[in-house]
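# Structural overview
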Amino acid sequence: MVGRVSTTLVSPSTAADPTPPRRRTRLLALPEARWALVATVSFLAGLGFDVGGAPSWTYGILYAVAYLAGGWEPAREGLRALREKTLDVDLLMIVAALGAAAIGQVLDGALLIVIFATSGALEALATARTADSVRGLLDLAPDTATRLTDHGEETVPATELGVGDLLLVRPGERIGADGRVVDGVSEADQATITGEPLPVVKRPGDDVFAGTLNGTGALRVRVERDPADSVIARIVTLVEEASRTKAPTQLFIEKIEQRYAVGMVAATLAVFAVPLAFGANLTDALLRAMTFMIVASPCAVVLATMPPLLSAIATAGRHGVLVKSAVAMERLGEIDTAALDKTGTLTEGTPEVTDVSPLPGSGLDADALLALAAAAEHPSEHPLARAVVAAARARGLRIATAKRFVATPGRGVSAVVEGCAVEVGRMGDSADRMRQVDDVRDLDDRMHEVDGMQNEVDRPSAAHDGMQNEVDRPSAADDGMQDAVDRPSPATGMRNPPRPSPHLRSPSPSHAHAHSHPGPSAGTTVLVTRDSTPVGTLTLTDRLRPAARAATAALAGLTGATPVLLTGDNAYAAARVAEATGITDVRADLLPEDKVNAVRDLQLGGRKVLFVGDGVNDAPALAAAHSGLAMGRAGSDLALETADAVVVRDDLTAVPAVVRLSRTARRLVLQNLVIAGAFITGLVLWDLFGHLPLPLGVAGHEGSTVLVGLNGLRLLRERAWQG
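These lines cover the structure that appears in this document, whether it is placed above or below.

Rules behind the numbers
- Residues numbered from 1 in each chain as written.
- Predicted model: local features only at pLDDT ≥ 70, side-chain atom pairs only at ≥ 80, totals over all residues.
- Heavy atoms only, no water.
- Core = buried A, V, L, I, M, F, W, Y, C linked by side-chain atoms within 4.5 Å.
- Buried < 20%, exposed > 50% of the residue type's maximum accessible area, 1.4 Å probe, protein only.
- Helix = DSSP H or I, 4+ residues; strand = E, 2+ residues; numbered from the N terminus.
- Contact = heavy atoms within 4.5 Å.
- Phe/Tyr/Trp six-rings, centres within 6.5 Å; stacked < 30°, edge-to-face > 60°.
- Salt bridge = Lys/Arg side-chain N within 4 Å of Asp/Glu carboxyl O.
- Pairing = 2+ DSSP bridges.
- Patch = residues over 30% accessible without salt bridge, like charges linked within 9 Å, V, L, I, M, F, W, Y side chains within 5 Å.
- Areas by Shrake-Rupley, 256 points an atom, 1.4 Å probe, with all protein chains shown as cover.
- Axes fitted to C-alpha atoms, helices over the stretch in contact; angles between N-to-C directions.
- Parallel < 35°, antiparallel > 145°, perpendicular 65-115°, else oblique.
- Left-handed = near helix turned anticlockwise from the far one by under 90°.

Val 323, Met 329, Leu 629 and Val 658 are the most contacted members of the largest nonpolar core, which totals 42 residues. Among the elements that make up this core, the one with the highest residue count is helix H22 (residues 654–689) (9 residues). When neighbours within four sequence positions are excluded, Leu 629 is seen to be in contact with Leu 332, Leu 610, Phe 611, Val 612, Gly 613, Leu 622, Ala 643, Ala 645, Val 647, Val 655 and Val 658.

Dropping the structure here:
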């Protein structure tokens, strides 16, 4: 059993910055982005001159710049692929653009160039940002560690640590390697690894993880894993492996791309060469071939996909969901199973006071008890302490000045408030004090029973008189109980579990700062004492997001299956959240690789999983899932960069809404592909077996492009989000 500590995690003088320096590639630092910007600006400027009736040489030069800026790199890569006996769509688009320019359709060619240059820039940016996040995660692990030897202390690089080494971890330092505590008591903020919202008390025998932040106590840790095999290192490896994995859909598209590119080039050459071989005029043969190149180019196919998906992205963005790419938007609509993290996803990830219970005879009401506890907790920076102070301020209570503040790892805080010694949290003699609380409440219950009996009869009976006398004149047992309240009994020791009480329960054995019990609970309960006498309890919980139940129900309706809860938190806390949200499949106490394995097991069963999370520990699962969605307000950098989409406003109802929007977009994509395919097929057949005038071919090609574009823009309407 462990307990929470209400104390300052790191002192200003010794604290290590808990947030590693963020490495973030700037957009214009990428050459692909700079060239795409030049191409786009040149194209827009040329279009303005063209539409405005300016001389042709003015917009001709600008279009030429767009061709060169946006096309040279795809052309180079396409030629390299050609030397390797492969042909990709990028090279095909360059050829189509040049063919369009050759027959006077310079605007069409320039637009095609700009579309593909912009797409390449966005792909490069996404790749760079993911690499930034992985490198930033490595910054969590300290560069050096203090190793203890027979000759004293030595500072060594963390990469040189070996299994069996003994480390000294001072207050405020990051732990250098995965290991086990052999001496000392402190608390560790390990939210980056396990997702637990609050620091966890560490005592001899407890496991600790590299990169987690030590609190106010000093620890001696025996290294049990090589640094290269630490949990933090495995997270990085898992993210990199999952990011390199190609979805079956992507592999299928690549195969189609090769066949289409080869087929189009061969067909264009045939359209030119065959009539020429049978004596056709060179100009006529070239004109027919160029017309074929125009009408067979996949502009309409490209726009058949992009406008619905980009419109869906824009609509989602207006409602606080950032979908990172058209591919990500499309994949969101394919999911048939949802897996949800708990802390920071279904819950808000921050504790709040949900119950204030003064003990009978304390002379305090709820406000007075809360103000007393807040005064003692005020100097602390522990999350539970901040929650108590925030609750007092929300009620407009006066918070007195605390003197002689002391924070004790594993127990709680003590201070002198207006001349009274106030203690909040788990004390060394908490078992005795819990018995005192139970006795006081048992006496209060008997008083209520007497009141109930008095209401049932017109006059008190002898038994009632005896019970009343027992209340009015305490017996020897009561005197003993009162003496126990006035004079605290000797400490039972921190590791002796207190007797379970129906009044004080904790959601898990790992929750501290408080009294803890085995078994499920509605929250973390802290004991407040004044001058060594228990005066009341406060209950704090990690508040469920208001929309959690509605969101899980909506996801179940969309996918046809109840979501799965995957959490690093304990089973008791997970069960409480699952019950409140209607989730039946709960998997708790998971490390990052366990979450990945759970996601992969679901997908091996034929499911396409949407994983929703927020922490660094969720990043591998976000990358491994068919589609990953991160909560953005408090989400870690790695989770935000790894996920396919980010809920910026932390509104859970946006999760099923964006899935529903994606499915609508996919239906429009299918409609557009049918329209584009019909136009391309009809125009190509007309050109091959009839005489398709070039202006009519261009009109048909552009008309189909405009038609599918307008069809996709329907998703910009507000009702598209509402479903």
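Bringing the packing of aromatic side chains into the picture now. Scanning all chains against the criterion turns up 3 aromatic pairs. Plain terms: the ring middles of Trp 35 and Trp 72 are 5.5 Å apart, the flat faces sit at 75° to each other, and that makes the pair edge-to-face. Taken as a pair, Trp 35 in helix H1 (residues 31–51) and Trp 72 in helix H2 (residues 56–83) lie far apart in primary sequence, 37 residues in all. Given the relative accessible area of 33%, Trp 72 is considered partly exposed. Through a chain of ring-to-ring contacts, the aromatic side chains of Phe 43, Tyr 59 and Tyr 63 assemble into a single cluster.

Attention shifts here to the pattern of salt bridges. Per the stated rule, a full pass over the model turns up 18 salt bridges. The residue Arg 607 makes a salt bridge to Asp 336 at a minimum N-O spacing of 3.8 Å. Of this pair, Arg 607 sits in the loop between helix H19 (592–604) and strand S20 (609–613) while Asp 336 sits in the loop between helix H10 (326–332) and strand S11 (337–340); the two residues are 271 residues apart in sequence, bridging distant segments of the chain. Under the relative-accessibility criterion, Asp 336 is labelled partly exposed at 21%. Note that Glu 348 and Arg 543 form a salt bridge whose closest N and O atoms lie 2.7 Å from each other. A residue pair is termed long-range when its members are at least 10 positions apart, and Glu 348 in strand S12 (residues 347–358) and Arg 543 in strand S17 (residues 533–544) qualify at 195 residues. Each of Glu 73, Arg 76, Glu 77 and Arg 80 takes part in a single network of salt bridges with overlapping partners.

On to the sheet that holds strand S5 (residues 186–189), then. Judged by pairing direction, the sheet is antiparallel, and its 3 strands sit side by side in the order S6-S5-S8 without closing on themselves. In this open sheet, the two edge strands, each paired with only one partner strand, are strand S6 (200–202) and strand S8 (213–214). In this structure, S5 lies alongside S8, joined through 2 bridges in antiparallel fashion. Bridging from a neighbouring strand, Ala 188 pairs with Asn 214 of S8.

A few words now on a nonpolar patch on the surface. On the surface, Trp 35, Val 38, Trp 57, Ile 61, Val 65 and Trp 72 cluster together into a nonpolar patch covering about 580 Å² of accessible area. Looking at the nonpolar patch, the elements with two or more residues in it are H1 and H2. Top contributing element to the nonpolar patch by residue count: H2, with 4 residues. Looking at the element boundaries, Trp 57 is found in helix H2.

Right, let's get into the packing of H1 against H2. Relative to each other, H1 and H2 sit at 160°, their axes nearing to 8 Å. In terms of orientation, H1 lies roughly antiparallel with respect to H2. The two elements H1 and H2 cross, and the hand of that crossing is left-handed. The segment H1 lies against H2, with Glu 32, Trp 35, Val 38, Ala 39, Ser 42, Phe 43, Ala 45, Gly 46, Leu 47, Phe 49 and Asp 50 engaging Thr 58, Tyr 59, Leu 62, Tyr 63, Val 65, Ala 66, Ala 69, Gly 70, Trp 72 and Glu 73.

Following the sequence through the fold, His 626 ends up in the loop between helix H20 (619–624) and strand S21 (627–631). Along the chain, His 626 and Arg 600 lie 26 residues apart, while their C-alpha atoms are 9.5 Å from each other. Among all residues touching His 626, those that are not within four sequence positions of it are Arg 331, Glu 334, Ile 335, Gln 603, Lys 608, Val 609 and Asp 644.

Taken in spatial order, the 6 strands make up an open sheet running S2-S1-S3-S9-S4-S7, and their pairing is antiparallel. The outermost strands of the open sheet, each flanked by one partner alone, are strand S2 (152–157) and strand S7 (207–208). Strand direction decides the pairing type here: strand S4 (residues 179–183) and S7, joined by 2 bridges, are antiparallel. Bridge assignment links Arg 180 to a residue of S7, and that residue is Asp 207.

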